Amino acid sequence: MNVSIVTAFPGFFRDFLSESMIGRAVRNGLIRIDVVDLRDFGSGNYRQVDDYSFGGGGGMVLLPEVLEKALHSLEEKKGPAYVVCPSPQGELLSQEIVETLAAREHTVIICGHYEGLDERFIEKRVDREISLGDFVLTGGEIPAMAIIDAMARLVPGVIGKESAVVEDSFFRGMLDHPHFTRPSEWEGIPAPDVLLSGHAAEIENWRRSEAVQRTLSRRPELIGRANIRPYLPKGVYIALVHSPVLDRKGEKTTAAVTGLDLSDIGRSCRTYGLDRFLVTTPLASQRELVKTMASHWTSGAGGDVNPDRKEAFSRIKLFPSLARAAEWVTGREKDSPLLIGTTARNREGGFHWIEAKRTVLQKKQPVVFVFGTGAGLHEDVLEHCHIVLQPLSGGFGDYNHLSVRTAVGVVLDRFFGWR
């Protein structure tokens, strides 16, 4: 991590760069942060860095030629820079932006003051304006510290316990769980018993449950971008139904199994952390075909050639019907599953996927996502689903003919994609 700060008030950063985790990281060479005094490039005997704003109205504006000299000097020494300017007009700082900045070879943060920077310099040289929120500060120094602190946490070795970074609020998209320390009872308020139990699994379940409740109550809008898989107490499954499904004329039919569906959906299940891939077909000959293909990749020569495909096929479990698959999940999880159906057709009562994510988090049941082959699931299947998702749509006309493999990937990424 290589960051340069351009400021007219370098004293702001002396304690910040010498104390706590940031100070240790600087001393240990994990991060490099250079502070450049803008006044070193000021004009005239008084090293002027600002002037009155054209048009009146009061307030001083940082001079573009002074800013350009400072930035040019930095880039001559440290190479091309990605230039950031804290500003109330900027986009709101987020974990995703922090990760983007941390990946840059050289980031320059230019701290405005008074009325800010000359707009011509911003248009010519600033790559990104960033805001901490809908309020105004006297300068960009405090936002610069916040940006640097957030970036530094992503550098290996800066935080003593690497898992602490992963569990931070927003890293997975969810808020953090509550924290407690000694004494176990303070002013008549006890710490939760589970945290004192020493039972690691129960503590982990409690923390994730609390994180879910905090996010749903305080910041429900975050659910859309969160990977909710780590917060589900029960298993998650996909069922690929081959009967009853629709043919191209909309009639009930039984579709044939295809190796491409098995391979690609199996890989999606493995990628997004699903427990099993449930393949249902009433035809014994088709089930035997699936067993033959799976055997080739799991215990035959195919697995030696392609270990990744072996992992994908090892998640397949066969059933003659969705009902039998649901019974198996119930026995395995000791709880009946929430069935989430999918369709490419508009259907009354369809759930938006974000609302479905919230429901999954609230129900705390095992989940089975149900997909249909052929031209999609027949109504006989959909009416037994507890939730039916609204169709996937690209928003361009009425064309809506994604393959089931593509639909699975899109849905799983919406629910379980990690940033």
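Going by the structure above, here's the rest.
Structure report, in brief.

**Examining the packing of aromatic side chains**
Then comes step 1: Within the structure shown, the criterion is met by eight aromatic pairs.
Then comes step 2: With 5.0 Å between their ring centres and 75° between their planes, F369 and F415 make a pair best called edge-to-face. With F369 in strand β16 (residues 367–372) and F415 in helix α16 (residues 404–416), this pair connects stretches of sequence that are 46 residues apart. Each member of the pair, F369 as well as F415, is classed as buried.
Then comes step 3: On the numbers, 5.9 Å between centres and 90° between planes, the contact of F369 with F416 is edge-to-face. Of this pair, F369 sits in strand β16 while F416 sits in helix α16, placing them 47 residues apart in sequence. Exposure class is identical for F369 and F416. Each is buried.
Then comes step 4: Here a set of aromatic residues connected by ring pairs shows up, and it is made of Y237, F319 and W328.

**Comments concerning the layout of surface pockets**
Then comes step 1: Of the pockets and cavities examined, the largest pocket occupies roughly 920 Å³.
Then comes step 2: Lining the largest pocket are 36 residues, and of these T343, A344, R345, N400 and L402 lie nearest its centre.
Then comes step 3: Elements represented by at least two residues in the lining of the largest pocket include exactly β16 and α16.
Then comes step 4: Element by element, the count of residues in the lining of the largest pocket is highest for α16, at four residues.
Then comes step 5: Residue classes in the lining of the largest pocket are distributed as 15 nonpolar, 15 polar and six charged.
Then comes step 6: In this structure, the second largest pocket spans a volume of roughly 660 Å³.
Then comes step 7: Around the second largest pocket, the lining comprises 35 residues; the ones closest to its centre are H113, Y114, E115, G116 and L117.

**Comments concerning the pattern of salt bridges**
Between side chains of opposite charge, a pair can form as their charged atoms come close.
Then comes step 1: Within this structure, the stated rule accounts for 20 salt bridges.
Then comes step 2: One salt bridge in this structure joins R120 and D118, with 2.8 Å as the shortest N-O distance.
Then comes step 3: A salt bridge links E204 to R208, with the nearest nitrogen and oxygen atoms 2.7 Å apart. Residue E204 and its partner R208 are located together in helix α8 (residues 200–218), separated by four residues, close to a single helical turn.
Then comes step 4: When its relative accessible area of 28% is taken as the criterion, E204 is described as partly exposed.
Then comes step 5: Since its relative accessible area comes to 26%, R208 is described here as partly exposed.
Then comes step 6: Within the structure, one salt-bridge network assembled from shared partners comprises D261, D264, R267 and R405.

Definitions and cut-offs
- Residues numbered from 1 in each chain as written.
- Predicted model: local features only at pLDDT ≥ 70, side-chain atom pairs only at ≥ 80, totals over all residues.
- Heavy atoms only, no water.
- Phe/Tyr/Trp six-rings, centres within 6.5 Å; stacked < 30°, edge-to-face > 60°.
- Helix = DSSP H or I, 4+ residues; strand = E, 2+ residues; numbered from the N terminus.
- Buried < 20%, exposed > 50% of the residue type's maximum accessible area, 1.4 Å probe, protein only.
- 1 Å grid on protein atoms, 1.4 Å probe; cavity = no way out; pocket = protein on both sides within 12 Å on 5 of 7 lines; lining within 4 Å.
- Points joined across faces, edges and corners; volume = space filled by probe spheres on them.
- Nonpolar A, V, L, I, M, F, W, Y, C, P; charged D, E, K, R; others polar.
- Salt bridge = Lys/Arg side-chain N within 4 Å of Asp/Glu carboxyl O.

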